[in-house]
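# Chain and residue survey
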Amino acid sequence: MTAATGAARTAHPERPGRSDGVCSEFTVFTRIKPGEADALREDLAALSDAADDERVHAAVRQIGTLHDARHVIFDDDTRFMFASVFDGSWDTYIDDFAQTVVGARFDKVFSHSEGFPGVADPGAKDWFVAHQAPAGVFVSAYPDLTVQQIYKDQRVDDAFQDVLDTPEFRAALDNPANAELVATPAFQKLLAEASA
């Protein structure tokens, strides 16, 4: 897919947002309730402090489709932006937030936005659609990798790095019986990638 203005929309045309490969973008702009910017800022700071909270990371892993997310207060404390990148269906993405600890934090942050009904409310999706603006251009650095594939790749790389660090692996590389395998371009490429 070409990542340029006019790129194809997500596979869910009823929902705004652009896709690049398996990744879709989600950007919401809201009006902050008058006088609540500081309270929103405090909730965002608490959310940031909790970023290392194992429950949040476990919930993000449970959702399993969130690549990244960011929150921004702008326009002299009158507007708020939430933007994220996710895999899969827009509807499933929104539903998944309501079913984890992330949903409660989402509710707390968005409670400072005018008209927000709550993430578990039946009208929440309509509210998000009304406040969502699709990106003019959306590009993913890894458009063919889902979050689950990235998690798996990380686990495989960690295990492979552990093998590379063993004396047994070094001995196998130095064993003349393995010289033909070690000399193949594919094996040399694997070693080069592992050491990069």
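Calculation rules
Each chain carries its own residue numbering, running from 1 in the direction its sequence is written. Predicted model: local features are reported for residues with pLDDT of at least 70 only, side-chain atom pairs are reported and counted for 80 or more only, and whole-chain, interface and lining totals are derived from all residues. Excluded from the side-chain calculations are hydrogens and water; all other atoms, namely the structure's heavy atoms, are used. The pairing criterion is simple: DSSP has to find at least two bridges between the two strands. Labels follow the DSSP assignment, with helices taken as runs of H or I lasting at least four residues and strands as runs of E lasting at least two, numbered in each case from the N terminus. Throughout, a contact is declared for two residues whenever any of their heavy atoms are within 4.5 Å. Between the N-to-C directions of two axes lies an angle of 0 to 180 degrees, each axis being a line fitted to C-alpha atoms and, for a helix, fitted only over the stretch in contact. Pairs of N or O atoms within 3.5 Å make up the polar contacts considered here, provided that, within protein, one atom can donate a hydrogen while the other can accept it, and that residues adjacent in sequence are counted only when both atoms are side-chain atoms. Pairing of aromatic rings covers Phe, Tyr and the six-membered ring of Trp, with a centre-to-centre limit of 6.5 Å; geometry is then stacked below 30 degrees between planes, edge-to-face above 60, and tilted otherwise. Accessible area is worked out with a 1.4 Å probe on protein chains only. A residue is then buried under 20% of its type maximum, exposed over 50%, and partly exposed in between. Lining residues are defined by having an atom within 4 Å of a point belonging to a cavity or pocket. Those points lie on a 1 Å grid over the protein atoms alone, cavities being sets where a 1.4 Å probe fits but cannot get out and pockets being open sets with protein on both sides within 12 Å along at least five of seven lines. Grid points are joined across faces, edges and corners, and a volume is the space filled by probe spheres set on the points. Residues are sorted three ways: Asp, Glu, Lys and Arg are charged, Ala, Val, Leu, Ile, Met, Phe, Trp, Tyr, Cys and Pro are nonpolar, and all the rest, Gly among them, are polar. We call a set of buried residues a nonpolar core when its members are Ala, Val, Leu, Ile, Met, Phe, Trp, Tyr or Cys and they connect through side-chain atoms within 4.5 Å of each other. Geometric relationships in this document are graded by angle, where less than 35 degrees denotes roughly parallel, more than 145 denotes roughly antiparallel, 65 to 115 denotes roughly perpendicular, and other angles denote oblique.

Looking now at the sheet that holds strand 1 (residues 19–20). With respect to topology, 4 strands assemble into an open sheet ordered 1-2-4-3, the strand pairing being antiparallel. Of all strands in the sheet, those with a lone pairing partner are strand 1 and strand 3 (66–74), marking the two edges. Note: strand 2 (residues 23–31) against strand 4 (residues 79–87), 9 bridges, orientation antiparallel. Within the sheet, the bridge partner assigned to T30 lies in strand 4 and is F80. Sheet strands touched by helix 1 (residues 37–49): strand 3 and strand 4. Its angle to strand 3, the strand with the most contacts, is close to 150°.

Relative to the helices and strands, R15 resides in the segment before strand 1. For R15, the side chain forms a polar contact with the side chain of D91, separated by 2.5 Å.

Right, let's talk about the packing of aromatic side chains for a bit. Under the definition given, this model contains 19 aromatic pairs. Relative to F110, the ring of F80 has its centre 5.4 Å away and its plane inclined at 75°; by these criteria the two rings are edge-to-face. With F80 in strand 4 and F110 in helix 4 (residues 101–110), the pair connects residues that are 30 residues apart, well separated along the chain. A relative accessible area of 0% means that F80 is categorised as buried. Residue class for F110 comes out buried when judged on its relative accessible area of 0%. Residues Y93 and F97 carry aromatic rings whose centres are separated by 4.9 Å and whose planes lie at 90° to one another, so their mutual orientation is edge-to-face. Here Y93 pairs with F97, and both are found in helix 3 (residues 90–98), just 4 residues apart, close to one helical turn. On the basis of relative accessibility, which here comes to 2%, the residue F97 falls in the buried class. Members of the aromatic cluster, connected to one another through ring pairs, are F26, F80, F82, F86, W90, Y93, F97, F106, F110, F116, W127 and F128.

Turning our eyes to something else, we now look at the layout of surface pockets. Reported here for the largest pocket is a volume of approximately 400 Å³. In terms of lining residues, the largest pocket is bounded by 18 residues, among which V56, V60, L66, A69 and H71 are the most central. Secondary-structure elements contributing two or more residues to the lining of the largest pocket are helix 1, helix 2 (54–63), strand 3 and helix 4. Sorting elements by how many residues they give to the lining of the largest pocket places strand 3 first, with 6 residues. For the lining of the largest pocket, the residue count by class is 11 nonpolar, 4 polar and 3 charged.

Turning to the pairing of strand 3, a few remarks are in order. Inspection of the sheet shows strand 3 paired to strand 4 by 8 bridges, in the antiparallel sense. Bridge pairing in strand 4 places V72 opposite M81.

With that settled, the discussion passes to the nonpolar core. The nonpolar side chains of a soluble globular protein tend to be buried with one another. Formed by 29 residues in total, the largest nonpolar core has its most connected members in F26, F80, Y93, F97, F110 and F128. Of all the secondary structure elements, the ones that give two or more residues to this core are strand 2, helix 1, helix 2, strand 4, helix 3, helix 4, helix 5 (124–131) and helix 6 (147–164).

Attention shifts here to the packing of helix 1 against helix 4. Direction vectors running N to C along helix 1 and helix 4 enclose 155°, while the axes themselves pass 9 Å from each other. As far as their axial angle goes, helix 4 and helix 1 are roughly antiparallel. Across the interface between the two elements, L40, D43, L44 and L47 of helix 1 pack against R105, K108 and V109 of helix 4. In terms of residue class, the contact of helix 1 with helix 4 is made up of 4 nonpolar, no polar and 3 charged.

Another aspect to go through is the packing of helix 2 against helix 4. Contact geometry for helix 2 and helix 4: axes closest at 8 Å, N-to-C directions at 105°. Our classification of the angle between helix 2 and helix 4 gives roughly perpendicular. Two secondary-structure elements touch here, helix 2 through R55, V56, A59, V60 and I63 and helix 4 through V101, V102 and R105.

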